[in-house]
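Tertiary structure, described
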There are 2 protein chains.
Amino acid sequence: MPTDPSPDMTGTEANPPGLASSVNALFESRIPAMHRLGIRIVELREGFVAGTAPIADNLNYQGSMYAGTLFGLGEALGGGLFVATFDLRRFTATVKDMQIRYRRPAMTDVRAEASLDASTIARIKREAEESGKTEFVLDAELTDTEGVVVAITHGTYQVRAL
Amino acid sequence: MPTDPSPDMTGTEANPPGLASSVNALFESRIPAMHRLGIRIVELREGFVAGTAPIADNLNYQGSMYAGTLFGLGEALGGGLFVATFDLRRFTATVKDMQIRYRRPAMTDVRAEASLDASTIARIKREAEESGKTEFVLDAELTDTEGVVVAITHGTYQVRAL
């Protein structure tokens, strides 16, 4: 057991224990192609998500990370935030469009982070309840292990009542 | 053996025999993560490329094709066209940015096509020779087996002398 438990393990209200693990288990069983790319959610709470992708098994012919894996990592963040924000028994989400700009070759494992502010979360929850659908836009930064930005993504996700 | 050989098998000048197969072999060995998604180039000649991705092993939690596989299919077309247009011993290519718009859930295998007109090919070959680098923009349409457009992609690729 870690001697210095992360916030995720202590299970505060803002960061339920095992939420990131639950999302990864969900991805593994329900979006296996994403899971096989090595994409994992590593931090997740309402309003904040971080994910990682390994350079191992994701090399391209230039020795950097495959463009599709970088895209998948950015895209997965929206799924994570959806799970952290909505009741999965009542709502579903899809990505509507997404743009990725590659800045530098990613030669290491990559981490991506994105957040939604409290007023945006309040708006999308209200819209989803009132009209059965809503959208949110997520901007993510993907960085290598030195903190250098290797790509940025800009995605629009649609949430609908089941 | 097929009784009605495709143009690719007859090996006209515009459509060398086995070029698509060569690209797939290259992808398999040099971008294995892409190959594992099931992305294949099925038609390739200078100025035209088509690729496919299977719904099998690419399902998401809504029973349609994983967003990352659709992206990867659109992105791969630029790599195919690069191989059909440039001498791999002298030039390399990377994707600079790419946008995908998801139109409808893809419930079947998906095919994507893109083309570059003769004047664009002439321009990028000239620029690559003269300045050692060039860019091309590729718009692709992704369709299901009924011909319905499930997504469109818009990508910018950079070619550089080695």
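Described in the following lines is the structure provided in the data block. Just so it is clear, the structure is predicted and the values come from calculations on it, not from any experiment.

1. Description of the side chain of S64(B)
- The topology assignment puts S64(B) in the loop between β2 (48-53) and α4 (67-85).
- The residues touching S64(B), leaving out its near neighbours within four places in the chain, are I55(B), N58(B), L59(B), P105(B), A106(B) and M107(B).

2. Some words on the packing of helix α4 (residues 67-85) of chain A against α4(B)
- Between α4(A) and α4(B), the shortest axis-to-axis distance is 9 Å and the interhelical angle comes to 145 degrees. Crossing of α4(A) over α4(B) shows right-handed handedness. Residues A67(A), G68(A), F71(A) and E75(A) of α4(A) touch α4(B), and the partners they reach there are A67(B), G68(B), F71(B) and E75(B).
- Classifying every residue of the contact of α4(A) with α4(B) by side-chain character gives four nonpolar, two polar and two charged.

3. Side note on the interface of chain A and chain B
- Taken together, the contacts link 33 residues of chain A with 33 residues of chain B.
- Around 2,600 Å² of area is buried between chain A and chain B when both sides are counted, 54% of it from carbon and sulfur atoms.
- Summed over the shared surface of chain A and chain B, the result is zero salt bridges.
- Taken together, the links from chain A to chain B amount to 16 residue pairs in polar contact (both at pLDDT 80 or more).
- For the side of chain A that touches chain B, the elements supplying multiple residues, two or more each, are α3 (32-36), α4 and β3 (91-102) of chain A.
- Residue composition of the side of chain A that touches chain B, grouped by class: 16 nonpolar, nine polar and eight charged.
- With five bridges joining them, β3(A) and strand β3 (residues 91-102) of chain B adopt antiparallel strand pairing. For M98(A), the partnering residue across the bridge sits in β3(B) and is I100(B).

The rules behind the values
Starting afresh in each chain, residues are numbered from 1 along the sequence in its written order. For naming, the first written chain is A and the first written ligand is 1, with later ones following in the order written. For this predicted model, a pLDDT threshold of at least 70 governs which residues receive local features, and a threshold of 80 or more governs which side-chain atom pairs are given and counted, while totals over whole chains, interfaces and linings are taken from all residues. Working from all heavy atoms in the structure, the side-chain values ignore hydrogens and water. Helix and strand definitions here come from DSSP, where helices need a minimum of 4 consecutive H or I residues and strands a minimum of 2 consecutive E residues; each element is numbered from the N-terminal end. Contact definition: two residues touch when any of their heavy atoms are within 4.5 Å. Throughout, an axis means a line fitted to C-alpha atoms (over the contacting stretch in the case of helices), and angles, computed between N-to-C directions, take values from 0 to 180 degrees. In this scheme the handedness of a crossing depends on how the near helix is turned from the far one: anticlockwise by less than a right angle means left-handed, clockwise means right-handed. Here the term charged refers only to Asp, Glu, Lys and Arg, the term nonpolar to Ala, Val, Leu, Ile, Met, Phe, Trp, Tyr, Cys and Pro, and the term polar to all other amino acids, Gly among them. Reported buried area values correspond to the accessible surface (1.4 Å probe) lost by two parts on association, with both partners' losses combined. Counted as salt bridges are all cases of a side-chain nitrogen of Lys or Arg within 4 Å of a carboxyl oxygen of Asp or Glu. In the analysis that follows, any N or O atom pair within 3.5 Å is treated as a polar contact, provided that within protein one partner can donate a hydrogen and the other can accept it, and provided that, for residues neighboring in sequence, both atoms belong to side chains. Any two strands with at least two DSSP bridges between them are considered paired.

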